[in-house]
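Each chain, written out:
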Amino acid sequence: MVKFARSLGCEDVEFSPEDAGRSEREFLYEILGEVIKAGATTLNIPDTVGITLPSEFGQLIADIKANTRGIDDVVISTHCQNDLGLSTANTLAGAHSGARQVEVTINGIGERAGNASLEEVVMAIKCRGDHVLGGLYTGIDTRHIVMTSKMVEEYTGMHTQPHKAIVGANAFAHESGIHQDGMLKHKGTYEIICPEEIGLERSNDAGIVLGKLSGRHALKDRLTELGYELDDEQLSSIFWRFKSVAERKKRVTDADIIALVSDEVFQPEALWKLLDIQITCGTLGLSTATVKLADADGKEHAACSMGAGPVDSAYKAIDLIVKEPATLLEYSMNAVTEGIDAIATTRVLIRGNNIYSTTNALTGEEVQRTFSGTGAGMDIVVSSVKAYVGALNKMLDFKEKSPTKIPSPNNKVPA
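In this numbering scheme, every chain counts its residues from 1 along its sequence in written order. Reporting of local features is limited, given that this is a predicted model, to residues whose pLDDT is at least 70; pairs of side-chain atoms are given and counted only at 80 or more, and all residues count toward the totals for whole chains, interfaces and linings. With hydrogens and water set aside, each side-chain value is computed from the structure's full complement of heavy atoms.

Enquirer: How should I be thinking about the nonpolar core in this particular structure?
Expert: Here, the term nonpolar core denotes a set of buried Ala, Val, Leu, Ile, Met, Phe, Trp, Tyr and Cys residues that are joined through side-chain atoms within 4.5 Å. Type-normalised accessible area, obtained with a 1.4 Å probe on protein chains alone, sets the label of each residue: buried when under 20%, exposed when over 50%, and partly exposed for intermediate values. Within the largest apolar cluster, 27 residues are counted, with the highest numbers of intra-cluster contacts made by Trp272, Val291, Leu293, Ile318, Ile350 and Leu392. Helix and strand assignments come from DSSP, with helices taken as H or I runs of at least 4 residues and strands as E runs of at least 2, each series counted from the N terminus. When residues of this core are traced back to their parent elements, those giving at least two are β5 (272–280), β6 (287–295), α11 (310–322), β9 (344–352) and α12 (380–401). Whether two residues are in contact is decided by their heavy atoms: any pair within 4.5 Å suffices. The contact partners of Val291, leaving out residues within four places of it in the chain, are Leu274, Asp276, Ile277, His301, Ala302, Ala303, Ala314, Ala317, Ile318 and Ile321. Of all hydrophobic cores here, the second largest spans 21 residues; its members include Ala5, Leu43, Phe57 and Val74.

Enquirer: Hey, could you run me through helix α5 (residues 118–128) in this one?
Expert: Since the α-helix packs 3.6 residues into each turn, any two residues three or four apart lie on the same face. Among the residues of α5, Leu118, Glu119, Val121, Val122, Met123 and Ile125 are the ones counted as buried. Its buried side turned inward, α5 meets α4 (87–96), β4 (101–103) and α6 (145–156).

Enquirer: Got a minute to help me understand the sheet that holds strand β7 (residues 300–307) in this structure?
Expert: Each strand in a sheet pairs with its neighbour through backbone hydrogen bonds, running either in the same direction (parallel) or in the opposite one (antiparallel). If DSSP finds at least two bridges between two strands, the strands pair. Judged by pairing direction, the sheet is antiparallel, and its three strands sit side by side in the order β5-β6-β7 without closing on themselves. Looking along the sheet, the strands with just one partner apiece sit at the ends: β5 and β7. Taken over all neighbouring pairs, the strand axes of this sheet differ in orientation by 20 degrees on average, direction set aside. Two elements, β5 and β6, share eight bridges in a ladder whose sense is antiparallel. Axes, fitted as lines to C-alpha atoms, cover a helix only where it is in contact. Angles between the N-to-C directions of the axes lie from 0 to 180 degrees.

Enquirer: How do you make sense of the confidence of the model for the protein chain when you look at a structure like this?
Expert: Low pLDDT marks regions whose predicted coordinates should not be analysed in detail. Scored from 0 to 100, pLDDT records how confident the predictor is in each individual residue. Across the protein chain, the average pLDDT comes to 82, with 81% of residues at 70 or higher. Within the model, pLDDT remains below 50 along residues 203–207, and this stretch shows four contacts once partners closer than five positions in the same chain are excluded. Note that pLDDT drops below 50 for residues 405–415; the model gives that stretch ten contacts with residues more than four away or on any other chain.

Enquirer: What should I look at first to understand the sheet that holds β4 in this one?
Expert: An order of β1-β2-β3-β4 is seen for the four strands of this open sheet, with the pairing classed as parallel. Two strands close off the open sheet at either side, each with one partner strand: β1 (14–15) and β4. Here strand β3 (residues 75–80) runs beside β4; their pairing, made up of three bridges, is parallel. Each bridged residue has a counterpart across the sheet, and for Ser77 the counterpart in β4 is Gln101. Docked against the sheet, α4 engages β2 (42–47), β3 and β4, running at close to 170 degrees with respect to β3.

Enquirer: When you look at the pattern of salt bridges in this model, what are you seeing that I'm missing?
Expert: Between side chains of opposite charge, a pair can form when the charged atoms approach closely. For this analysis, a salt bridge means a side-chain nitrogen from Lys or Arg found within 4 Å of a carboxyl oxygen belonging to Asp or Glu. In this structure the tally under the stated criterion is eleven salt bridges. Among the salt bridges present, the one from Arg22 reaches Asp19, with a minimum N-O distance of 2.9 Å. Taking the relative accessible area as the measure of exposure, Asp19 reaches 17% and is therefore buried. Counted as one network, the salt bridges with shared partners bring together Glu119, Glu120 and Lys164.

Enquirer: Please explain the environment of Val382 as it appears in this structure.
Expert: Locating Val382 in the fold gives a position in helix α12. Sequence separation of Val382 and Val311 is 71 residues, and the distance between their C-alpha atoms is 8.8 Å. In this view, Val382 contacts Leu274 and Ile277; residues no more than four positions away in its chain are not counted.

Enquirer: Would you take a moment to explain the side chain of Lys164 for this structure?
Expert: Secondary-structure assignment places Lys164 in the loop between α6 and α7 (177–185). Here Glu120 takes part through its side chain, which lies 2.8 Å from a polar atom of the side chain of Lys164. In protein, a polar contact means a hydrogen-donor-capable atom and an acceptor-capable atom, both N or O and within 3.5 Å, with residues adjacent in sequence counting only if both atoms are side-chain atoms; elsewhere, any N or O pair within 3.5 Å suffices.

Enquirer: Explain the packing of aromatic side chains here, please?
Expert: To describe a pair of aromatic rings, you give the distance between the ring centres and the angle between the ring planes. Stacked, edge-to-face and tilted are the three classes for Phe, Tyr and Trp ring pairs, Trp counted by its six-membered ring, which pair at centre distances within 6.5 Å; planes under 30 degrees apart are stacked, over 60 edge-to-face, the rest tilted. This structure, assessed with the given rule, holds two aromatic pairs. With 4.0 Å between their ring centres and 10 degrees between their planes, Tyr315 and Tyr388 make a pair best called stacked. Note that Tyr315 is positioned in helix α11 and Tyr388 in helix α12, a separation of 73 residues in sequence. Judged by relative accessible area, Tyr388 falls into the buried class, the value being 3%. Taking 5.5 Å as the distance between ring centres and 55 degrees as the angle between the ring planes, the aromatic pair formed by Phe371 and Phe398 counts as tilted. Linking Phe371 in strand β12 (residues 371–377) with Phe398 in helix α12, this pair joins segments that are 27 residues apart in sequence. Overall, the relative accessible area of 3% leaves Phe371 in the buried class. Overall, the relative accessible area of 14% leaves Phe398 in the buried class.

Dropping the structure here:
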């Protein structure tokens, strides 16, 4: 297969021996030598089940480097699982022993207990590469780490625990008295990394505070600092949402702005757009929702429905308008900032009842598609509705663009 890949013109072919950490060494050296001879250019050494200790994994990489024929002409890579919580340590040990590619994931997400965390590995190398790891460095701009972490959280719906290294909510929080005293005297006393290095705003050190009196220019500057380059139309749309929030909050944080950008700019193509929603709910009767949506042609549609709660009744009203039945698989909500005036972000995951499917390119299996949507706003019902409409838009857009016919009700695809 390595020879075949090279014959197709692939200049960089990676070979990965499953469960290398527990493989018989002489056989492993032999196999790696043969794939190098066949044209492999990267040898990826996985700790597939996360069972090795850092000393063992570092020695494994060193032994492969010392005993594999042709190893000087290829790149050694690592791929460490986190079953024992040692994936970052093993990855660093492998890099120290000669690996020059490391396979990592944002927030450490991955199968079972996850994979080596990109942010942990990158910042460990940045902090200790010169002194302990023989001068190792990466080419990664660490100022984008926090933004990237939050983006992955939003798209996957998998939130990082507060004590997650580097990107957790508590990673730069100092509660004990002696720590606070030390921080006030010199931040380096208890912080080995400046929050700004990874793109995290330190709220009490912020310069310009955005609020209801802030103008378009101040907002644009802050968006640029956060890494967003928006055109005039997008900026105008964000600005009025920002002003609406600022009227009700004393201070608009970076997290608020990021949520607004995500909700306003990075939404799927609007086959349906939320116009208005009115909810009646409480202990005196069934929740009732009236929803008005606009279709792709701008025509307005309204429906009213009752449900078990405000979100349920709103979703049922939307279903009456869209007429594309879907099952809600996941629903989660998260407050972006502290306080009762916080912006709430909602994420939903739906599956179409008409069985939308695609074909797995590797296995040929039919895979049932799911579609996610996100919404943000100070009204949790409105953010929930936006998330649901966004997911429906993705599903309907997939239906229109998919080359595969959607199965008919009897689950048979027409010829």
